[in-house]
Amino acid sequence: MSTHPTSETVLRGVGVGAGRVIGPVRRMPHPITSPTEGAPLPEGTTVESETHRLGEAAQAVAANLRARSASASGDAAAVLKATALMAGDRTLLKAASKLVATGTSAESAIWEAAEAVALQLEALGGYMAERATDVLDVRARIVAELRGIPAPGIPEADEPFVLCAEDLAPADTAALDPARVLALVTSEGGPQSHTAIIARSMGLPAVVAAPETVGLQDGTQVFVDGSAGVVIINPGPEEEAAAAAYEQRTPLPDFDGTGTTADGHRVPLLANVGGGADARAAAEAGAEGVGLLRTEFCFLGRDKEPGHEQQVSAYREVFDAFPGQKVVVRTLDAGADKPLPFLTDSTEPNPALGVRGYRTDVSVPGVLERQLAAIAEAASGSTAEVWVMAPMISTPAEANDFAGLCAAAGLRIPGVMVEVPSAAVLARSVLAGVRFASIGTNDLTQYAMAADRQLAPLAALNDPWQPAVLHLVRYTVDGGAQAGDVPVGVCGEAAADPALAVVLVGLGVATLSMNRRALSQVSAVLRTVTLERARELAQLALDAPSAAEAKERVRAELPDLERFGL
Ligand code: PEP
Ligand code: MG
């Protein structure tokens, strides 16, 4: 019989993905640490025994992946099958065995051999370069097998589970199957962390920055309320009823490709994408264009700047997914949580306040001009309407300089991201020199509240519902109007929160850009309010004394959120 939980069993965090579910906990294993370079054969082993051990480990990994691929379907099955083939790849094993023959341990041998293969694949670019990640994944699995510890990545389980982790990395998402993962719970992270972004993009209930969840063990039954931000151990009848009601929620209608309020005020709903595949999926989901192409995703993990042709083809893939539609390209945003060895200084004491985003154009001149040239060439071969914006603009002079660089490259629609409070406060002059602005609420919140967006203890401050952030949005919109009808959109995570999206529209934001899975949620809720009502709700939020109050007051006025389980 289940007993009602005592207060000790309620663990609190920050809710970042709505929904209420019950399920058993599965913890994310720790990532595999690299073995010592060139480590010798372990004591008591021989070249023969170590080679045999390596072969057995690789076979076990391949067999496990094959078995999982047989019980999976669609994309997941194809990915698992391809990874299984990689694990059984003779070239890789041969290279590793050669190293073992020189007296290197199996762990170090496979580590180094895979590294060399991955580098070769990366050098080939395109599809082959994408396979480099698979090789490194296989390597980690083989090393885990050799060490007798759980394989890295999303745990395997027969029944759906609540995934508990310290935080999740973007790479973890590929293997995340929403049919198996009921909810995400992390001890670290904040509302703008990767976990929050993943949860929203997959429509999963999620609670982040819940420090006490580090003690949760595999198999423990928990109730997760992603709106309230609580995790309850050993849930009772009340939670069971709440989870059952959530299960009965009205399914969201698919997004029909037209964002609008109830009274027909158009708010184009665009997508945030990181590359071609993402863009094609967004187009399929009905996105009215791309509101943020994070071009640094084409650069991440590289130790040198990608060449012109490579950049042109990466951008063109995105443009081709949206013929005749708007695609907003953001120039490289390196630094802080997205360091790039050829652009950013890893020894900076305060990277979030350092030479990042547009500022790297001063420390490493040339990269931005070459990127703009590649964007212009990709644009010239497509019908997409290409807009280009720079991240981390802080002054009118920076905005004007960027507009000048765009003009020189033949790019006609320059814009800026408003992520630094100075740009919001001086929006009238900052926007006077450009054609549009897009507010990055993730960074705008971290800078307005002086709260690192990655730090769990500051998660409550780092909330775009903070009235101070909403006032900065209002300044930016007003500044845009005064600068001569310069439209202001939002492409931070705030736009993907259906209730906050209504507030943003009420504040005068012209477009909303989000991960594709949020399109149907935002569209459905936006259609339940008139523009006038959205303005009233925006005022309610602006006048609230805290982020929590702002959110609560607005949500209480939007009963359809509950109906849709949002
Ligand atoms: C933002 O800061 O809100 C934004 C959209 O940019 P990123 O999350 O890539 O920093
Ligand atoms: Mg940003």
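Residues numbered from 1 in each chain as written. Chains lettered and ligands numbered in written order. Predicted model: local features only at pLDDT ≥ 70, side-chain atom pairs only at ≥ 80, totals over all residues. Heavy atoms only, no water.

A. Geometry of the overall build of the protein. Looking only at helices and strands, the protein features 21 helices and 16 strands. Judged by the C-alpha coordinates and their principal axes, the protein covers about 75 × 70 × 45 Å. Here the protein holds 566 residues, and 52% of them are scored as buried. Taking the contacts inside the protein whose residues are at least 6 apart along the sequence as the reference set, 68% of them involve residues at least 24 apart. A total of about 23,900 Å² of accessible surface is found on the protein, and carbon and sulfur atoms cover 54% of it. Charge centroids of the protein, computed over 44 positive and 69 negative side chains, lie 4 Å from each other. (Helix = DSSP H or I, 4+ residues; strand = E, 2+ residues; numbered from the N terminus. Buried < 20%, exposed > 50% of the residue type's maximum accessible area, 1.4 Å probe, protein only. Contact = heavy atoms within 4.5 Å. Areas by Shrake-Rupley, 256 points an atom, 1.4 Å probe, with all protein chains shown as cover. Lys, Arg positive; Asp, Glu negative; His and termini not counted. Charge placed at Lys NZ, Arg CZ, Asp CG, Glu CD.)

B. Just the domain arrangement of the protein, in detail. Domain boundaries assigned for the protein yield domain 1 (7-28 + 154-247), domain 2 (47-147) and domain 3 (269-563). Computed over C-alpha atoms only, the centres of domain 1 and domain 3 are separated by 28 Å. Summed over both sides, the interface of domain 1 with domain 3 buries roughly 1,400 Å², with 50% coming from carbon and sulfur. Here domain 1 is connected to domain 3 by 1 salt bridge. Put simply, R20 and E562 hold a salt bridge, and the shortest N to O gap is 3.2 Å. Viewed at the interface, domain 3 and domain 1 are joined by 1 residue pair in polar contact (both at pLDDT 80 or more). Taken together, the elements giving at least two residues each to the side of domain 1 that touches domain 3 come down to β2 (14-17) and α6 (194-202). Per-element tally for the side of domain 1 that touches domain 3: the top contributor is α6, with 4 residues. In terms of residue class, the side of domain 1 that touches domain 3 is built from 5 nonpolar, 9 polar and 3 charged. (Domains from an automatic or database assignment. Buried area = accessible area lost by both parts, 1.4 Å probe. Salt bridge = Lys/Arg side-chain N within 4 Å of Asp/Glu carboxyl O. Polar contact = N/O pair within 3.5 Å; in protein donor to acceptor, adjacent residues only side chain to side chain. Nonpolar A, V, L, I, M, F, W, Y, C, P; charged D, E, K, R; others polar.)

C. Layout of the coordination of the magnesium ion (ligand 2). Listed as protein donors to the magnesium ion (ligand 2) are E419 (OE) and D443 (OD); their distances from the metal cover 2.0 Å. Placement of the pair is E419 in the loop between β13 (414-418) and α13 (421-425) and D443 in helix α15 (residues 441-448), with a sequence separation of 24 residues. Here E419 matches D443 in class, with each residue buried. (Donors = N, O, S within 2.8 Å, 3.2 Å for Na, K, Ca; no water.)

D. Quick peek at a nonpolar patch on the surface. The grouping of V425, L426 and Y475 at the surface amounts to a nonpolar patch, some 290 Å² of accessible area in total. In this fold, Y475 is placed in helix α16 (residues 467-482). (Patch = residues over 30% accessible without salt bridge, like charges linked within 9 Å, V, L, I, M, F, W, Y side chains within 5 Å.)

E. Summary view of the sheet that holds strand β6 (residues 206-208). The strand order β1-β8-β7-β3-β4-β5-β6-β2 describes an open sheet built from 8 strands, whose pairing is mixed. The strands lining the two open edges of the sheet, one partner per strand, are β1 (10-12) and β2. For this sheet, the mean inter-axis angle between neighbouring strands, taken without regard to orientation, is 30 degrees. As paired strands, strand β7 (residues 221-225) and strand β8 (residues 230-233) are joined by 4 bridges and run antiparallel to one another. (Pairing = 2+ DSSP bridges. Axes fitted to C-alpha atoms, helices over the stretch in contact; angles between N-to-C directions.)

F. The site of ligand 1, seen in detail. In the vicinity of ligand 1 lie 14 residues, with R294, R330, E419, N442 and R453 positioned nearest. The contact in question runs from an oxygen atom of ligand 1 to an N or O atom on the backbone of T441, over 3.1 Å. Between ligand 1 and the protein, one listed contact pairs an oxygen atom with a side-chain N or O atom of R453 at 2.8 Å. For ligand 1, the protein covers 99% of the area, taking 290 Å² as the surface of the free molecule. Mapping ligand 1 onto the cavity grids shows that it belongs to the second largest cavity. Elements supplying a minimum of two residues to the shell around ligand 1: β10 (289-294) and α15. Looking at the shell around ligand 1, the element that brings in the most residues is α15, giving 3 residues. When its residues are assigned to classes, the shell around ligand 1 shows 3 nonpolar, 4 polar and 7 charged. (Near = heavy atom within 4 Å. 1 Å grid on protein atoms, 1.4 Å probe; cavity = no way out; pocket = protein on both sides within 12 Å on 5 of 7 lines; lining within 4 Å. Sits in = over half its atoms within 2 Å of the grid points.)

G. Focus on helix α17 (residues 498-506). Buried residues dominate α17, accounting for 9 of its 9 residues. If you check which residues of α17 are buried, you get P498, A499, L500, A501, V502, V503, L504, V505 and G506. Looking one or two residues beyond α17, the residue adopting positive phi is G508, at roughly 105 degrees.

H. View of the layout of surface pockets. Considered as a void within the structure, the second largest pocket measures approximately 550 Å³ in volume. V16, G17, A18, P498 and Q521 are, among the 34 residues lining the second largest pocket, the residues nearest its centre. Secondary structure elements with two or more residues in the lining of the second largest pocket: β2, α6, α17 and α20 (547-556). The element best represented in the lining of the second largest pocket is β2, accounting for 4 residues. By residue class, the composition of the lining of the second largest pocket is 18 nonpolar, 9 polar and 7 charged. Each of domain 1 (7-28 + 154-247) and domain 3 (269-563) contributes no fewer than three residues to the lining of the second largest pocket. (Points joined across faces, edges and corners; volume = space filled by probe spheres on them.)

I. Structural detail: the confidence of the model for the protein. Per-residue confidence for the protein gives a mean pLDDT of 91, with 95% of residues at or over 70. Here residues 1-8 is a poorly scored stretch, pLDDT under 50, and it has 16 contacts once near neighbours within four places are set aside; other chains count. (pLDDT = per-residue confidence, 0-100.)

J. Representation of the packing of aromatic side chains in the model. A complete count under the given rule lists 2 aromatic pairs for this structure. Where Y358 meets F402, the ring centres are 6.1 Å apart and the plane angle is 85 degrees; that geometry is what we call edge-to-face. Here the residue Y358 occupies a position in the loop between β11 (326-330) and α10 (360-363), and F402 occupies one in helix α12 (residues 396-409), the gap between them amounting to 44 residues. Taking NZ or CZ as reference, R249 lies 4.0 Å from the ring centre of Y246, over its face. Here the basic side chain of K326 rests over the ring of W387, its NZ or CZ set 3.9 Å away from the ring centre. (Phe/Tyr/Trp six-rings, centres within 6.5 Å; stacked < 30°, edge-to-face > 60°. Lys NZ or Arg CZ within 6 Å of the ring centre and 35° of its normal.)

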